[in-house]
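Reading the structure
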Amino acid sequence: MKKNTRVFYISEDDRESSIQEAARILKEGGTVAFPTETVYGLGADALNEKAVLQIFEAKGRPADNPLIVHVDSKESCLKLVRSIPDKASVLMDKFWPGPLTLIMERKPIVPDVTTGGLDTVAVRMPENLIALELIKHSGIPIAAPSANLSGKPSPTTAEHVLCDLSGRIDVLIDGGEVSIGLESTVVDMTSEVPAILRPGKISKEELEECIGEVKVAYDDRLHPESETVRSPGMKYTHYSPESSVILVEGEHDHVVSRIKELIVDLSLRNAKIGLLLTEESHNNFSEYLSYSMGQKDKPEQAAKNLFFGLRYLDERNIDIIIVDGSFRPDGIGMAVFNRIRKAADMIIKV
């Protein structure tokens, strides 16, 4: 059923009333898209099965893809999980509020639809003040995947949300552009050695400084649809624009040379091309449609601009997006490569 999506523009004059109205809609079983520090999320009452089902319907999201539940405090987490492991408690104290999602054993109060039928639940406390106020005023845990059509690049602005979900959701809170641009790090805390299931801003090294050994339990492939996964982002197409995507990875000079070769080859086939480049590569392709992700030695810039850039180029009705993969892969750069590799139709290493 088509909905009349209301947009709340947050200003000093109506901030509290807008958030309170959005919280009321959530409590009554509606859907609200809201900003976090990572990407925009599409929220519903995590404990209301009918409300959560609206998320899947709006996004066209497969029902076995678990959702992340957002809370406003460590104490709120205890309503959802059987217990908080000692290492999880340490990570909460260090990184909450922030872009870290922890997977723990759930209580029966959390419905299967929220967890994808798993015996665990993924929980995080966002750092964005609008998100925290929304959770506080609603008085409920909010299940919220990214606020986009399933499989598309995640939304980093309210305009992205409207492009995908206008008429599919009840409310959108416009809180401006997000600060990070990539989804949270997801860590499974149910085994003796915690395991990273999805990379994000918080790195393996940062986690190990707090709790010792942490395993990497993700890869950059899409898992088979028949396989059970414990985290969002591990199965089904993710982060992909309508255009085909070619990722060229390697040292800067080699990447630039290979992109030039690709442009010649694809132009002979009359393909419309867009380029997603590092700042250092930009001057080599000034005559082509392009978008800069930022400096290659500052992967946090690529993180913030990746999804925006994919959407920017895709909106220009091109056939192929070529992505410059010469930026530094450490820290959040690992998460950027993870997202691009999952979006790419072809990966070329030079």
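In every chain, residue numbers begin from 1 and rise along the written sequence. This being a predicted model, a pLDDT of at least 70 is required before a residue's local features are given, and a value of 80 or more before pairs of side-chain atoms are given or counted; all residues contribute to the totals for chains, interfaces and linings. Computation of side-chain values covers all heavy atoms of the structure but excludes hydrogens and water.

This part is about the packing of aromatic side chains. The criterion for an aromatic pair is that two Phe, Tyr or Trp rings (for Trp, the six-membered ring) have centres within 6.5 Å, with stacked assigned to planes under 30 degrees apart, edge-to-face to planes over 60 apart and tilted to the rest. Tallied over the full model, the rule gives 4 aromatic pairs. Taking 5.2 Å as the distance between ring centres and 45° as the angle between the ring planes, the aromatic pair formed by Tyr 291 and Tyr 312 counts as tilted. Remark: Tyr 312 occurs in helix α11 (residues 299-314) and Tyr 291 occurs in strand β14 (residues 290-294); sequence separation between them is 21 residues. Only protein chains enter the accessibility calculation, which uses a 1.4 Å probe; a residue is then buried when its area is under 20% of its type maximum, exposed when over 50%, and partly exposed in between. The class of Tyr 312 is partly exposed, set by a relative accessible area of 25%. Each ring, one from Phe 327 and one from Phe 337, has its centre 4.5 Å from the other, and the planes form 20°; the classification is stacked. You can see Phe 327 sitting in the loop between β15 (320-325) and α12 (332-343) and its partner Phe 337 sitting in helix α12, a full 10 residues away along the chain. For the pair shown, Phe 327 and Phe 337 are each scored as buried. Through successive ring pairs, a cluster of aromatic residues spans Tyr 291, Phe 308 and Tyr 312. For a lysine, the NZ atom is tested; for an arginine, the CZ atom; a charge sits over a ring if that atom is within 6 Å of the ring centre and within 35 degrees of the ring normal. The side chain of Arg 316 reaches across the aromatic face of Tyr 312, ending 3.6 Å from its centre. A run of H or I in DSSP becomes a helix once it reaches four residues, and a run of E becomes a strand once it reaches two; helices and strands are each numbered from the N terminus.

What follows covers the packing of α11 against α12. Orientation is described by lines fitted to C-alpha atoms, with helices fitted over the stretch in contact, and by angles between N-to-C directions that extend from 0 to 180 degrees. Following both chains from N to C, one finds α11 and α12 inclined at 30°, their axes separated by 8 Å at the closest point. Classified by the angle between their axes, α11 and α12 sit roughly parallel to one another. Of the two possible hands of crossing, α11 and α12 adopt the one that is left-handed. Residues Pro 299, Glu 300, Ala 302, Ala 303, Leu 306 and Phe 307 of α11 form the contact with α12, whose participating residues are Ile 332, Gly 333, Val 336, Arg 339 and Ile 340. Should an angle fall under 35 degrees it is taken as roughly parallel, and over 145 as roughly antiparallel, whereas 65 to 115 is taken as roughly perpendicular and any remaining angle as oblique. Crossing handedness: left-handed means the near helix sits turned counterclockwise from the far one by under a right angle, and right-handed means the same turn made clockwise. Contacts are residue-level and defined by heavy atoms, with any inter-residue pair within 4.5 Å sufficient.

A cis amide bond links Trp 96 with the next residue in sequence, Pro 97, at an omega value of -10°. You can see Pro 97 is positioned in the loop between α4 (86-95) and β5 (100-105). Here Asn 317, not a glycine, exhibits a phi torsion of approximately 55°, which is positive.

Turning our attention to the sheet that holds β5. Pairing within the open sheet is mixed, and its 11 strands lie in the order β1-β8-β2-β3-β7-β4-β6-β5-β9-β10-β11. Either end of the sheet is taken by a strand with one partner, and the two such strands are β1 (6-9) and β11 (215-216). Pairing of strand β2 (residues 32-35) with strand β8 (residues 171-174), which is carried by 2 bridges, proceeds in the parallel orientation. Across the sheet, the residue bridging to Val 32 is Val 171, located in β8. Here helix α7 (residues 158-165) sits on the sheet in contact with β1, β2, β3 (40-45) and β8, set at roughly 160° to β8. Here the rule is simple: two strands pair whenever DSSP picks up at least two bridges between them.

Here the focus is the side chain of Ser 292. Locating Ser 292 in the fold gives a position in strand β14. Between N or O atoms, a polar contact is any pair within 3.5 Å; within protein, one atom must be a potential hydrogen donor and the other a potential acceptor, and residues adjacent in sequence are included only when both atoms are from side chains. In terms of polar contacts, Ser 292 uses its side chain to reach the side chain of Glu 279, at 2.6 Å. In terms of polar contacts, Ser 292 uses its side chain to reach the backbone amide nitrogen of Gly 294, at 3.2 Å.

Take Ile 103: it is sitting in strand β5. It is 28 Å that separates the C-alpha atoms of Ile 103 and Phe 308, two residues lying 205 residues apart in sequence.

Bringing the environment of Val 90 into the picture now. Within the fold, Val 90 resides in helix α4. Distance from Val 90 to Leu 207, taken between C-alpha atoms, is 9.8 Å for residues 117 residues apart in sequence.

Let us now look at the side chain of Lys 3. As for its position among the elements, Lys 3 is in the segment before β1. Residue classification places Lys 3 among the buried residues on the basis of a relative accessible area of 18%. At a separation of 3.3 Å, a polar atom in the side chain of Lys 3 contacts the side chain of Asp 170.

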